[in-house]
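Listed here are the chains, written in short residue letters.
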Amino acid sequence: MQKMLKKLLEKYSIKISKQTFNHKELQHLNTEAFFIHMKLLLFFITLIGFNIGYAQTEVSGTVVDENNEGLPFANIVFKNSRVGVSTDIDGHFQLKSDKNFDQIEVSFVGYTTKIIALKSNLVKGLTIRLSKGQELREVVVVSRPKKHLSKKENPAYRILKGIWAHKKKNGLQLVKAYDYKRYTSVSVGLSNLDSIFLKKTMGSNYDSIARIIRSGKKDKRFFVPIYMKEIYESIYGNNEIKKERVDIEAERNVGVGQQGFIFDRISNTFTDINIYDDDIIILNKPFVSPISTRGYGVYDYVLKDSIVENNKKTYHIYFFPRNTGTIAFEGSFKVIDNQFAITEISMKVNRRINLNLVRDLSIEKSFEVANDSVYLPARDFYEGDFTLLTKNDQEKGLFVRKNIVFSEYDLDPKHDGSFYNQVIEQTRSDQFLKEDSYWNNVTTKDPNLKATRQIINELKEIPRVKNVSNVINILATGYIPVYKNIQFGSIWQGISNNDIEGIRCQAGLRSFKTPNDLFRAQLYVVYGTRDNLFKYGGEVKYLFSAKPRMILGITHLNDNLQLGGLSMDVSDLISNVNSSNLIINRGSNYFLSRVVKNSIYFDWAIHNNLHFTLTNVHQRIRTASEEFFPLDYTFDGTNIQKEVTSVATNIAITYTPNRFVYGFGVDQRFGRTLYPTITLKYTHGYKNLLGGDFNYNKVQAGVSRPIFLSNLGILRTYIEAGKTFETLPLPLLNPIAGNQAYSIMSNTFCLLDYYDLVTDTYIMGHFNHHFNGLILNRIPLIKKLKLREIAFFRTVYGTIRNENIAINKSNITYNAPSERFYSEFGFGIDNIGYGNFRPLRVDFVWRSNFNDVNGSEAPHFGLRLGFNPEF
């Protein structure tokens, strides 16, 4: 009809256009014929305009289920077209097209698709009832959606709401008590090794073991395990009294021993991960969980299909980060209808996200059905692949794999309340060793486990593999093996500089057999090229009781220290001395103290994360340069003293909740996940005991706490306060920790010179917020640099009593921030580097004004550089 009208109009228009409508010729026209032509023209124009503005086919109505309940997000399309809509929250829809259609197709996940014939071009008030079906058509490829759908448009949102409503009602929380077995294996090794390297390394064994070490998912790469740890545990839980008991039944290790930054961080990449938590912390980065209540703002969701498995309707949903640079996962999960329990989830990180030293991270979890309402963990599998420079598949790297298998569930155990309070503490690394015959009966779900252990046993004796492992250890710890159980180092502390000593050259040795040594001794020697003097220090520590865990340590130190740059210390061991002597410094660094210190250290682990520390310290403190930094003081105005002798007892309690502690030697190791720390310290000085000059009392307290703010980043906070009660000379007061280095040092003020602020009572706070690229990842072009932004603020308030000022005869004028807070603030750019290695950070720092009375005025603005190879 429309085409016909168009032709008529064109024909008529041509005839009209040939006429010249001037006044003279109109007089010769037949008036009646003229009006007929005009009426026909108006008729055709009106008719065509009506057809252009009018929808050729229009359908509206409601889609309901078998119970006549409206089905939200059902799909309605014109048959054999791409024109369609989704029903609203009540199941209503309206579909229009300017073309002729005689059928619509109605579909919804889990229901049989219907084809509805249209009897006319205008159909209103249609009711379409869908019945449940078995399986929708398979969608082979699921890709990132081009458009983020609103909550009403996306059928996955209704399922997510069901998960949120039921996430506390699924799993072991539904039963009164439970028992089960848990097997865990963690393997660490080398990734992306080519066949040439393997053939040279393994020789005739290459063909027999290549099949085992080849990755199942990426067949072009070889993963060579060099270390594996296995643990088999019994878990007993009671939800009524909210207690869980974990007993280690068996444990074994095989492979090349590793320690230090690299292997510690990699092997502890994956701790307990609960997908129902809103945030999943991996590598100290908060990933928003795909089933978090905040997930819809971070992810795009695609409902792929629904199928019936084990007589349960299961939805399969894919998820993708909305912003490709966001620290988030991509993957899919399956969820059961009605209970809305997750049965499977698989997620990984995209290589384009702002994460360093990581090529791949993946997490897989599966759950099994115990009954109609309880879904229990069946298996967790984690895999991480780490590289130094790039994320491409050709670069060699390190990998970690963690396999957890849950078995032998008992949901009706018979244990009394006291049973759950019993604890079997592990005090030795070999305490739970079992023979191979025992492990043969453990459920591991790893058919290659026996072969993998055999490979690791063979590889650890191959010189080339041992050499690679040794190089990694040296770079990670800074210590080089030089003799049996003796190491040289640390190579990272070999050279520094200050104005008193000149070039400061340091070398040291330590005893080391295994990470679980009960005894550790270390010493160091320092020589200054300007003062031509040797300094030294040494300490020994011994774990004399494993249960309860008790350590005794002895320290002797004769060295130059920068006491104006030290924060609160608990143990007084030389391993905790924070030397401010660096290669490049700002301003003059003459303010060093020569300290001769002897201390006896006792540490009692009341709990892994609760320590009581007692230290008795005898120290003589004098200046390292009488010319530039006299430490003189007097009580009577005439008798000038140049040296301080302090004999004191330090009592400290340190609480570190949620800290992951492992190792059974004198030096325990800690997981890299950030944790809070609460420290209380009391110091009492003794006069006339072993030559002590003063009776005094000092109290200090510090609290550090990381606050994970989901995709907004991490706020790291530290607050410290202290008070010295008696009248004392400068070395025993509380100078605010300055930092004259151009490097970033935690809990110091980088625009203060040493001893610019001296107090006997103080409170300070340090606040650093790491946005993890939240802002810069959204700016075009800049986001390609993968930079991360940091905002920081640090402030201090303190006072100094007149009595302390009166005895001071040093060249330091006491100045306390008592009239106003002293503050530093600014922002930093982190994650600077190349490829996968981005260890650099640059801070832009400003400070508030203060009465600077010591030497030249400290700068009001500064740039500071940090080097920290973090993920």
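Computed from a predicted structure; not experimentally measured. (Residues numbered from 1 in each chain as written. Predicted model: local features only at pLDDT ≥ 70, side-chain atom pairs only at ≥ 80, totals over all residues. Heavy atoms only, no water.)

1. Some remarks on the overall build of the protein chain
For the protein chain, the count of helices and strands is 11 helices and 41 strands. Here the protein chain holds 871 residues, and 51% of them are scored as buried. Element-wise, carbon and sulfur atoms account for 55% of the exposed surface of the protein chain, whose accessible area totals about 42800 Å². (Helix = DSSP H or I, 4+ residues; strand = E, 2+ residues; numbered from the N terminus. Buried < 20%, exposed > 50% of the residue type's maximum accessible area, 1.4 Å probe, protein only. Areas by Shrake-Rupley, 256 points an atom, 1.4 Å probe, with all protein chains shown as cover.)

2. A few points about the packing of aromatic side chains
Both the distance between ring centres and the angle between the ring planes are used here to describe each pair of aromatic rings. Under the definition given, this model contains 34 aromatic pairs. With a centroid separation of 6.4 Å and 75° between ring planes, the pair formed by Tyr183 and Trp439 is classed as edge-to-face. Separated by 256 residues along the polypeptide, Tyr183 in strand β8 (residues 177–191) and Trp439 in helix α8 (residues 436–439) bring together distant segments of the chain. Note on Tyr183: relative accessible area 1%, which makes it buried. (Phe/Tyr/Trp six-rings, centres within 6.5 Å; stacked < 30°, edge-to-face > 60°.)

3. Quick look at the environment of Asn192
Locating Asn192 in the fold gives a position in the loop between β8 and α5 (195–202). Taking C-alpha positions, Asn192 is 8.5 Å from Leu398, a pair spaced 206 residues apart along the chain.

4. Side note on the sheet that holds strand β7 (residues 122–129)
Across a sheet, paired strands are connected by hydrogen bonds in the backbone, their directions being either parallel or antiparallel. An order of β4-β1-β7 is seen for the three strands of this open sheet, with the pairing classed as mixed. Of all strands in the sheet, those with a lone pairing partner are β4 (92–97) and β7, marking the two edges. Strand after strand, the sheet turns through a mean of 20° between neighbouring axes, direction not considered. The pairing of strand β1 (residues 57–64) with β4 spans six bridges and is antiparallel. By the bridge assignment, Gly61 is partnered in β4 with Phe93. (Pairing = 2+ DSSP bridges. Axes fitted to C-alpha atoms, helices over the stretch in contact; angles between N-to-C directions.)

5. Things to note about empty space enclosed by the protein
If you walk through the whole model with that rule in mind, you get four cavities of 30 Å³ or more. Computed from the structure, the second largest cavity encloses a volume of approximately 120 Å³. In terms of lining residues, the second largest cavity is bounded by 13 residues, among which Thr326, Ile327, Asn711, Phe771 and Asn772 are the most central. Partitioned by chemical class, the residues of the lining of the second largest cavity number four nonpolar, eight polar and one charged. (1 Å grid on protein atoms, 1.4 Å probe; cavity = no way out; pocket = protein on both sides within 12 Å on 5 of 7 lines; lining within 4 Å. Points joined across faces, edges and corners; volume = space filled by probe spheres on them. Nonpolar A, V, L, I, M, F, W, Y, C, P; charged D, E, K, R; others polar.)

6. Focus: the nonpolar core
Core analysis: the largest hydrophobic core is formed by 57 residues, its most contacted members being Ile163, Ile282, Tyr301, Phe329, Phe333, Ile342 and Leu361. For this core, the leading source of residues is helix α4 (residues 155–166), giving six residues. When near neighbours in sequence (up to four residues on either side) are disregarded, Phe333 contacts Leu160, Ile163, Ile291, Tyr301, Tyr315, His316, Ile317, Phe319, Ile342, Glu344 and Ile345. The next biggest cluster of nonpolar side chains, apart from the first, holds 27 residues, and it includes Leu561, Tyr754, Tyr755 and Tyr814. (Core = buried A, V, L, I, M, F, W, Y, C linked by side-chain atoms within 4.5 Å. Contact = heavy atoms within 4.5 Å.)

7. Digging into helix α10 (residues 463–477)
Taking 1.5 Å per residue as the helical rise, α10 with its 15 residues ought to reach 21 Å, and the 21 Å between its terminal C-alpha atoms agrees with that figure. Among the residues of α10, Val465, Ser469, Ile472, Asn473, Ala476 and Thr477 are the ones counted as buried. On an axial view of α10, the arc spanned by its buried residues comes to 110°, and they lie on one face. Opposite the buried face of α10, by more than 90 degrees, sit the exposed residues Pro463 and Leu475. (Expected span 1.5 Å × (residues − 1). Arc of directions from axis to C-beta.)

8. Some remarks on the side chain of Ser187
Turning to its location among the elements, Ser187 is positioned in strand β8. Filtering out sequence-adjacent residues up to four positions away, Ser187 remains in contact with Tyr227, Met228, Phe399, Val400 and Arg401.

9. Things to note about the sheet that holds strand β3 (residues 84–86)
Across the sheet, four strands lie side by side as β3-β2-β5-β6; this open sheet has antiparallel pairing. The open sheet terminates on both sides in strands that have one partner only, identified here as β3 and β6 (114–117). Ignoring which end each strand starts from, the neighbouring axes of this sheet average 20° apart.

10. Concerning the confidence of the model for the protein chain
Residues at a pLDDT of 70 or more form 85% of the protein chain, whose mean pLDDT is 81. Taken together, the stretch residues 215–220 has pLDDT below 50 and engages in seven contacts with residues farther than four places along the chain or on a different chain. (pLDDT = per-residue confidence, 0-100.)

11. Some remarks on the pattern of salt bridges
Under the defined criterion, the tally for this structure stands at 30 salt bridges. For Asp531, the salt bridge is made with Lys535, and the minimal N-O distance between the two is 2.7 Å. Here Asp531 matches Lys535 in class, with each residue buried. A salt bridge links Arg841 to Asp843; the shortest N-O distance between them is 2.8 Å. A residue is classified by how much of its surface remains accessible, and Asp843, at 2% relative accessible area, is buried. Beyond isolated ion pairs, a larger network of salt bridges with shared partners links Glu501, Arg504, Asp531, Lys535 and Asp559. (Salt bridge = Lys/Arg side-chain N within 4 Å of Asp/Glu carboxyl O.)

12. Regarding the pairing of strand β25 (residues 534–546)
Where strand β24 (residues 519–528) lies against β25, nine bridges are found, and the strand directions are antiparallel. What sits directly across from Val525, in β25, is Tyr536. Between β24 and β25, which pair antiparallel and follow one another directly, the connecting turn spans five residues, one of which, Asn532, has a positive phi of 55°. Examined bridge by bridge, β25 and strand β26 (residues 549–561) share 10 bridges and lie antiparallel to one another. Within the sheet, the bridge partner assigned to Leu543 lies in β26 and is Ile551.

13. Points about a nonpolar patch on the surface
Among the surface-exposed residues, Val471, Leu475, Val482, Tyr483, Phe488, Ile491, Trp492, Leu509, Leu523, Val525, Phe534 and Tyr536 lie close enough to one another that they form a single nonpolar patch of about 1200 Å² accessible area. The set of elements that each furnish at least two residues to the nonpolar patch consists of α10, β20 (480–483), β24 and β25. Within the element layout of this structure, Phe488 appears in strand β21 (residues 486–488). Taking relative accessible area as the criterion, Phe488 reaches 33% and is therefore assigned partly exposed. (Patch = residues over 30% accessible without salt bridge, like charges linked within 9 Å, V, L, I, M, F, W, Y side chains within 5 Å.)

14. Considering α4
Of the residues making up α4, those classed as buried are Ala156, Tyr157, Ile159, Leu160, Gly162, Ile163 and Trp164. For α4, the N-terminal cap is Asn154; the gap from its side-chain oxygen to the backbone nitrogen of Ala156 is 2.9 Å. (Polar contact = N/O pair within 3.5 Å; in protein donor to acceptor, adjacent residues only side chain to side chain.)

15. Here we look at the environment of Phe419
Take Phe419: it is sitting in the loop between β19 (397–410) and α8. Each C-alpha atom of the pair Phe419 and Glu244 lies 10.0 Å from the other, and the pair is 175 residues apart in sequence. When sequence neighbours within four positions are dropped, the list of residues in contact with Phe419 reads Tyr236 and Arg245.

16. With respect to unusual backbone geometry
Among all residues except glycine, the phi angle is most often negative; among peptide bonds, the trans geometry is most common. Ser490 follows Gly489 through a cis peptide bond whose omega is 0°. Residue placement: Ser490 occurs in the loop between β21 and β22 (495–498). The peptide bond linking Lys547 to Pro548 adopts the cis configuration, its omega dihedral lying at -5°. By secondary structure assignment, the location of Pro548 is in the loop between β25 and β26. One non-glycine residue, Asn80, lies in positive phi territory at about 60°. Its location among the elements puts Asn80 in the loop between β2 (75–78) and β3. A positive phi angle is found at Leu781, which is not glycine, with a value near 70°. With respect to the secondary-structure elements, Leu781 resides in the loop between β37 (761–770) and β38 (788–799).

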